[in-house]
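Geometric and topological summary
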Amino acid sequence: MTHTEHPRDVLGVGYFVFEVADLAAWHTLLVSGLGLTDGGLLADGMRAYRLDERSARVLLREGPADDLVALGFEVDGEAALAAVEGRAREAGVAFERASEADAAARCVAALARVVEPGGVVLELFAGAVAASEPLDRSINAGGFVTGVLGAGHLALRADDIERTRAFFERLLGFRLSDHIRCELRGGFQVDITFLHVNARHHSVALGRGLPKHLHHFMVQVAALDDLGRAYDRFFDLGLPVTQSLGRHPNDRMLSFYAKTPSGFEIECGYGGVEIDDATWTPTTYDQISLWGHRPPRSMKDLHARGRTDR
Ligand SMILES: [Fe+2]
């Protein structure tokens, strides 16, 4: 299948919905650490956090799962929603239209749900509502990169990568970006498939062997200095940085990772390549990072060893 045959109904990741046990710790991570704007309580009691003019980009529900429970994908209007519904029906995938109240609770005009093969609810929506309050730029002055690139990306658990990839490609119009396949120290096999649905290098990456529905989700700051300041703030706030600043070989995102209060990780990124389907050729990389992305503790150990080894 060439790129021209892919449906273009889905625009990108609209929002992330997590069920979390420790709302206060998440608030610290999202607001004080990353600089998201507190969007307050939504109609159904969820807590909303904002990256941009939209009312809700990260939604938190209190509960024991500490996991991703739903992923919002913006579609290109009602006609696009109907097109996805038609393909879902053909493929025998359950497609459920949500009530007006449900849509209002997500701050969108129209909402429907499908479930991806791994069990995460995908919420297809159109007509996102803008917030009435301005964005708080006191912490992350340059704002976040969203717009046509969507809210960010995530690395999703897919125990059968080919099956999940086919679901995203055929139903939602995702295209292959590339793969990373390699063996880490200790013999851990890495096999990640990266998929894009707009110019963002990937909106969804698929990998096996994860304890939760996701390995991490990523938000992208617009200014390099804001990435550096976020990195400083994470250490200052005692937020557990798991991977130091580094750059991936495929999306070329400059980023660091930290553990969220729910156990999975958050990636804070800057930069990164954008894909033009007319010229893009998928490839396979044999390393996860060009440089960096090291556990900070081991960097300290390496530093100490370096001083004594030499
Ligand atoms: Fe990532």
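The model shown is predicted, which means the values in this text are computed figures rather than measured ones. (Residues numbered from 1 in each chain as written. Predicted model: local features only at pLDDT ≥ 70, side-chain atom pairs only at ≥ 80, totals over all residues. Heavy atoms only, no water.)

**Quick word on the sheet that holds strand 13 (residues 214-221)**
Judged by pairing direction, the sheet is mixed, and its 10 strands sit side by side in the order 17-10-11-12-9-13-16-15-14-18 without closing on themselves. In the strand order of this sheet, the two ends are held by strand 17 (284-285) and strand 18 (291-292), each with one partner. Pairing geometry for strand 14 (residues 241-247) and strand 18, over two bridges, is antiparallel. Bridging across to strand 18, G246 finds its partner in G292. The strands touched by helix 4 (residues 161-172) are strand 9 (153-157), strand 10 (175-183), strand 11 (189-196) and strand 12 (204-207); relative to strand 11, the strand with the most contacts, the crossing angle is about 5°. (Pairing = 2+ DSSP bridges. Helix = DSSP H or I, 4+ residues; strand = E, 2+ residues; numbered from the N terminus. Contact = heavy atoms within 4.5 Å. Axes fitted to C-alpha atoms, helices over the stretch in contact; angles between N-to-C directions.)

**Observations regarding the packing of helix 2 (residues 77-91) against helix 4**
Two quantities define a packed helix pair, namely the angle between the axes and the distance from one axis to the other. At a closest axis distance of 9 Å, the pairing of helix 2 and helix 4 adopts a crossing angle of 130°. Of the possible angle classes, the one that applies to helix 2 and helix 4 is oblique. Between helix 2, through V84, R87 and A88, and helix 4, the contact on the second element is made entirely by R170, L171 and L172. Class assignment of the residues belonging to the contact of helix 2 with helix 4 gives a composition of four nonpolar, no polar and two charged. (Parallel < 35°, antiparallel > 145°, perpendicular 65-115°, else oblique. Nonpolar A, V, L, I, M, F, W, Y, C, P; charged D, E, K, R; others polar.)

**A few points about the pattern of salt bridges**
One pass over the structure, following the stated rule, counts 18 salt bridges. For R106, the salt bridge identified is with D44, shortest N-O distance 3.4 Å. Residue R106 is located in the loop between helix 3 (100-105) and strand 7 (108-115), and its partner D44 is located in the loop between strand 2 (37-41) and strand 3 (47-50); the two are separated by 62 residues in the primary sequence. Accessibility expressed as a relative area gives 8% for R106, which makes it buried. When its relative accessible area of 41% is taken as the criterion, D44 is described as partly exposed. One salt bridge connects R175 with D277, and the closest N-O pair in it is separated by 2.9 Å. (Salt bridge = Lys/Arg side-chain N within 4 Å of Asp/Glu carboxyl O. Buried < 20%, exposed > 50% of the residue type's maximum accessible area, 1.4 Å probe, protein only.)

**With respect to the packing of aromatic side chains**
Summed over the entire model, instances satisfying the criterion amount to 16 aromatic pairs. For the ring pair F18 and F217, a centre distance of 4.7 Å and an interplane angle of 50° mean the geometry is tilted. Pair noted here: F18 is in strand 1 (residues 10-20) and F217 is in strand 13, with a separation of 199 residues, a long-range link. Given the relative accessible area of 0%, F18 is considered buried. Since its relative accessible area comes to 0%, F217 is described here as buried. Within the aromatic cluster, the residues linked to one another by ring pairs are F16, F18, W26, F217 and F264. (Phe/Tyr/Trp six-rings, centres within 6.5 Å; stacked < 30°, edge-to-face > 60°.)

**Digging into the coordination of the iron ion**
Distances from the iron ion to its protein donors, H153 (NE2), H216 (NE2) and E267 (OE), fall within 2.0 to 2.1 Å. Taken in sequence order, the residues that donate to the iron ion follow the motif H-x62-H-x50-E. One end of the pair, H153, is in strand 9; the other, H216, is in strand 13, and 63 residues separate them in sequence. For H153, a relative accessible area of 1% puts it in the buried group. Taking relative accessible area as the criterion, H216 reaches 8% and is therefore assigned buried. (Donors = N, O, S within 2.8 Å, 3.2 Å for Na, K, Ca; no water.)

**What to know about the side chain of S203**
Considering the arrangement of structural elements, one finds S203 in the loop between strand 11 and strand 12. When residues no more than four places from it in sequence are discounted, the contact partners of S203 are V13, G152, H153, L154, F174, L195, H196, V197 and N198.

**Thoughts on unusual backbone geometry**
Backbone geometry places D66, a non-glycine residue, at a positive phi of 50°. Along the chain, D66 falls in the loop between strand 4 (58-62) and strand 5 (67-75). For D66, a relative accessible area of 14% gives the class buried. The phi dihedral of C107 is positive, around 60°, even though this residue is not glycine. Inspection of the secondary structure assignment puts C107 in the loop between helix 3 and strand 7.

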